[in-house]
Amino acid sequence: RRGVFTGASGLQIAYLSGIESSSDPAPAYCFTAKDITSLKMSLLSNSKFKGVDILLTSPWPKDVWNYGNPPTDVDLKICGSEQVASLAASLKPRYHFSALHGANYERLPYRNHVVLQESAQHVSRFIALASVGNPGKKKYIYAFTIVPMSLMDATELVKQPLDVSENPYRKAGKEGKKSHVAEATEDVPAQQFFFDLKQSQGKKRNSDGRGGQAKQPRKHPQPTGPCWFCLASPEVEKHLVVSIGEHCYIALAKGGLMSDHILILPIGHYQAMVDLSTEVVEECEKYKASLKKFYKSKEKRYVMFERNYRSQHLQLQVVPLPLSCCTTEDIKESFIVQAQEQNIELLEIPQHTDIKQVCGLNVLTVYLEH
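Calculation rules
- Residues numbered from 1 in each chain as written.
- Predicted model: local features only at pLDDT ≥ 70, side-chain atom pairs only at ≥ 80, totals over all residues.
- Heavy atoms only, no water.
- UniProt positions renumbered as here; feature names shortened; annotations may be inferred.
- Helix = DSSP H or I, 4+ residues; strand = E, 2+ residues; numbered from the N terminus.
- Contact = heavy atoms within 4.5 Å.
- Areas by Shrake-Rupley, 256 points an atom, 1.4 Å probe, with all protein chains shown as cover.
- Patch = residues over 30% accessible without salt bridge, like charges linked within 9 Å, V, L, I, M, F, W, Y side chains within 5 Å.
- Salt bridge = Lys/Arg side-chain N within 4 Å of Asp/Glu carboxyl O.
- Expected span 1.5 Å × (residues − 1).
- Buried < 20%, exposed > 50% of the residue type's maximum accessible area, 1.4 Å probe, protein only.
- Arc of directions from axis to C-beta.
- Polar contact = N/O pair within 3.5 Å; in protein donor to acceptor, adjacent residues only side chain to side chain.
- Pairing = 2+ DSSP bridges.
- Core = buried A, V, L, I, M, F, W, Y, C linked by side-chain atoms within 4.5 Å.

The name given to the chain in an unreviewed UniProt entry is CWF19-like protein 1, and the organism recorded there is Aquarana catesbeiana. Annotation of the chain in UniProt includes, under Sequence similarities (unreviewed entry), the sentence "Belongs to the CWF19 family."

Right under this line is the structure:
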């Protein structure tokens, strides 16, 4: 009913035969919860276990379509087994094949780790195949090349494809805590990406404990040493300043990537966007909107990224690019390719999402402006 086959090459295939049964003893063509437990224990007892190369089951795993592309030829209300879903979540197969429901369905690959909380792991792919020789000529053969996980370089193994999605079996209670949508202006749409720089966080600011004002400290944060970006600091090279508002200012970048590479900075001392008070954020948004209009008049678009790495003062780097040289997708692909080469995982978050809801201080955020 269940087992693990390891080939001479090291390729590991786990299998679970038959359909689910609630009775014990079960008919010969069924599996039970005990079979699931036995199969899990035979693999998970190994402290070095990372996952199996291939998992074969007859039923589909329940809710495998969550966070991905839903199938169109099956009834989602009755399709799938929760026990198979539990098995797939534990065994983390690189490829999971099922065929019971007679429909061809290939789900988007999904990740097996929690971004920014766990180290990167390989992705899983679920493929359902139709019945052999079906009259509708639906796909019932799947040909692919696979190198055993045990022989792969760790960096290569954990590479994340562009269309990777969330794990369909991880039903976190966070679903109810939907991110609040930032009140950004409609003429400043953006795609945002961030990655964890895996550095220790700075010391937390002390809260004065009054009336839930922890997110907006009464006392203005002060730099721990000389700061090149606090406007009141003697270290600021004021000849580079272009415009000064009430809470923010913009300046030319010293040694910029190009002549019109500029910075948006808070006048006061803040480390990151997630640390800003509401009024500072609002003025930042106004500057971003104005800069977008300015660059558009010059037939340019800009890429904006927040530098928050070995730096104590927030810097929003604004780098313009000619509209004719590349599209937003080209720019996005460049970031993804470079991140993969550096073994850094990028995570795309929904447009207008409040960054404070999804990340801490220790990240770098990239905005690809359209």
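From this point, things continue past the structure.
## A look at the overall build of the chain
The helix and strand tally for the chain stands at five helices and 17 strands. In the chain, the share of contacts with a sequence separation of at least 24, taken over all contacts with a separation of at least 6, comes to 70%. Looking at the chain as shown, the accessible area adds up to about 20700 Å², and 53% of this sits on carbon and sulfur atoms.

## Details of a nonpolar patch on the surface
Side chains of F5, Y15 and L56 sit close together on the surface and give an oily, nonpolar patch of about 280 Å² of accessible area. In this structure, F5 sits in strand β1 (residues 2–6).

## Examining the environment of I141
Relative to the helices and strands, I141 resides in the loop between β9 (123–128) and α3 (154–157). I141 sits ten residues away from S131 along the chain, and the two C-alpha atoms are 9.5 Å apart.

## Some words on helix α5 (residues 328–341)
If you check α5, its first and last C-alpha atoms are 20 Å apart, about what 14 residues at 1.5 Å a residue would give, namely 20 Å. Listed as buried for α5 are T328, I331, K332, I336 and A339. All buried residues of α5 lie within an arc of 135° about the axis, which places them on one face of the element. Of the residues trailing α5, N343 is marked for its positive phi of about 60°.

## Re unusual backbone geometry
Even without being glycine, D63 reaches a positive phi, approximately 65°. By the secondary structure assignment, D63 is in the loop between β5 (54–57) and α2 (82–91). A relative accessible area of 14% places D63 in the buried class. Of note, Y67 is a non-glycine position whose phi angle comes to about 65°, a positive value. Examined against the element boundaries, Y67 turns out to sit in the loop between β5 and α2.

## Remarks on helix α4 (residues 278–297)
Between the first and last C-alpha of α4 there are 29 Å, a value that for 20 residues agrees with the 28 Å anticipated at 1.5 Å per step. Considered for burial, the residues of α4 that qualify are V280, E283, C284, E285, Y287, K288, A289, L291, K292 and Y295. Looking one or two residues past α4, E299 carries a phi angle of roughly 60°, positive in sign.

## Regarding the side chain of Q121
Along the polypeptide, Q121 turns up in the loop between β8 (110–111) and β9. Within polar-contact distance, the side chain of Q121 engages the side chain of K92 at 3.0 Å. Not counting chain neighbours up to four residues away, the residues in contact with Q121 comprise K92, N112, H113, V158 and Q160.

## Considering the pairing of β9
Remark: a regular strand shows side chains that alternate across the two faces of the sheet. The buried fraction of β9 is high, at five of six residues. Two elements, strand β6 (residues 95–98) and β9, share four bridges in a ladder whose sense is parallel. Looking at the pairing, F97 lines up with I127 of β9. Summarising the sheet, strand β7 (residues 105–106) and β9 pair through two bridges and their orientation is antiparallel. Bridge assignment links Y105 to a residue of β9, and that residue is A128.

## Structural notes on the nonpolar core
Membership of the largest hydrophobic core comes to 25 residues, with the highest contact counts inside it found for V52, L55, W60, L87, L91 and Y105. Listed by contribution, the elements that provide at least two residues to this core are β2 (12–16), α1 (33–44), α2 and β9. Ignoring any residue separated from it by four or fewer positions in sequence, one finds Y105 in contact with W60, V64, W65, N69, P70, P71, F126, I127 and A128. Counting 17 residues, the second-largest nonpolar core is a separate cluster that includes I262, Y287, M304 and V318.

## Concerning the pattern of salt bridges
Side chains bearing opposite charge may pair, as long as their charged atoms lie close to each other. Using the criterion set out here, one finds eight salt bridges in the structure. Its salt-bridge partner being R2, residue D35 comes within 2.7 Å of it at the nearest N-O pair. Separated by 33 residues along the polypeptide, D35 in helix α1 and R2 in strand β1 bring together distant segments of the chain. Take D35: its relative accessible area is 4%, and that puts it in the buried class. Taking the shortest distance from any N to any O, the salt bridge between E237 and K254 comes out at 2.6 Å. Taken together, the residues span a long stretch of sequence, with E237 in the loop between β10 (190–196) and β11 (241–244) and K254 in the loop between β12 (248–252) and β13 (262–266) at a distance of 17 residues. When its relative accessible area of 27% is taken as the criterion, E237 is described as partly exposed. A residue is classified by how much of its surface remains accessible, and K254, at 63% relative accessible area, is exposed.

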